[in-house]
Amino acid sequence: MVQTFNKFEKAILLAVAEGRTKSKSKEQNRRMAKCPEWAKVTGDHDIDLDFWGIAGEMAVAKHLNICPDLSISIAGDGGKTDLIRNNKTIQVKTNFFQGEPVLIFNQAGRNYTFKTDYAVLVSVVQDVPDSIKILGMVSQKSYQSRKRKDSPWYEHDFGYGMRDCIAAKDLTQLKPSKYYYAQVFATAEEIKSRESLSKV
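Residues numbered from 1 in each chain as written. Predicted model: local features only at pLDDT ≥ 70, side-chain atom pairs only at ≥ 80, totals over all residues. Heavy atoms only, no water.

Enquirer: Summarise the pairing of strand β5 (residues 118–124); cite the residues concerned and give the values.
Expert: For β5, the tally of buried residues reaches seven of seven residues, placing the bulk of the element in the interior. Relative to strand β6 (residues 131–139), β5 runs antiparallel, the two being bridged by seven bridges. What sits directly across from Val124, in β6, is Ile132. Hairpin connection from β5 to β6: six residues lie between these consecutive antiparallel strands, with Asp130 at a positive phi of about 55 degrees. (Buried < 20%, exposed > 50% of the residue type's maximum accessible area, 1.4 Å probe, protein only. Helix = DSSP H or I, 4+ residues; strand = E, 2+ residues; numbered from the N terminus. Pairing = 2+ DSSP bridges.)

Enquirer: Any chance you could break down the sheet that holds strand β7 (residues 154–157) for me, citing the residues and the numbers?
Expert: Spatially, the three strands line up as an open sheet ordered β4-β8-β7, and their pairing is antiparallel. The sheet is open, and its two edges are formed by β4 (102–106) and β7, each paired on a single side. The mean inter-strand angle of the sheet, taken between neighbouring strand axes irrespective of direction, is 40 degrees. In this structure, β4 lies alongside strand β8 (residues 162–167), joined through five bridges in antiparallel fashion. Looking across to β8, one finds that Val102 is bridged to Ala167. (Axes fitted to C-alpha atoms, helices over the stretch in contact; angles between N-to-C directions.)

Enquirer: Describe the pattern of salt bridges, listing the residues and the values that go with them.
Expert: Enumeration over the complete set of coordinates arrives at six salt bridges. In this structure, Glu9 engages Lys62 in a salt bridge whose closest nitrogen and oxygen atoms are separated by 3.2 Å. Here the residue Glu9 occupies a position in helix α1 (residues 7–23), and Lys62 occupies one in helix α4 (residues 46–64), the gap between them amounting to 53 residues. A residue is classified by how much of its surface remains accessible, and Lys62, at 32% relative accessible area, is partly exposed. For Asp130, the salt bridge goes to Lys10, with nearest N and O atoms at 3.3 Å. Taken as a pair, Asp130 in the loop between β5 and β6 and Lys10 in helix α1 lie far apart in primary sequence, 120 residues in all. Since its relative accessible area comes to 25%, Asp130 is described here as partly exposed. Note on Lys10: relative accessible area 31%, which makes it partly exposed. (Salt bridge = Lys/Arg side-chain N within 4 Å of Asp/Glu carboxyl O.)

In short, the description is geometric, and any link to function would need to be established separately.
Structural data, given as structure tokens:
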């Protein structure tokens, strides 16, 4: 599923990105922007990192038909929650890397661990302007069972400490997305109105 933003949506994304970039410390932004893989997409500009992160959140919000969080916070949320649907929390991770995309989380004791009910991985589409591709989702339940032998989760050190990872190919795919999300993120009223799961 690819979400392409129109001029109005781009203007909103840019305004929020500018606000969030200014609210962060210069040292934090430059440290992120110097990553060579990110620089291929962002041109080594701080604001573009925030732009694509917010774009990922908006793409998923559009897909779920919910309002995106466009707030600007100096402290941020520590990677806790990007979106909420029916009291279920969702964290959106935007992938900038070439090759097979991977969903990556810090391990316990750090910020940006997997704290939400669900996590969604998206990527910047290189050959389609102003577009985000939704790659898939994974649940907190899956993460909690990552130590099982048959788990698709694995650990990897990218040069700055061990991280918990899962490849995009092992995520729950969103085709047909409207049916799956209608079931997982349904409200109580929506569930009550159904006669069976075949209605999803």
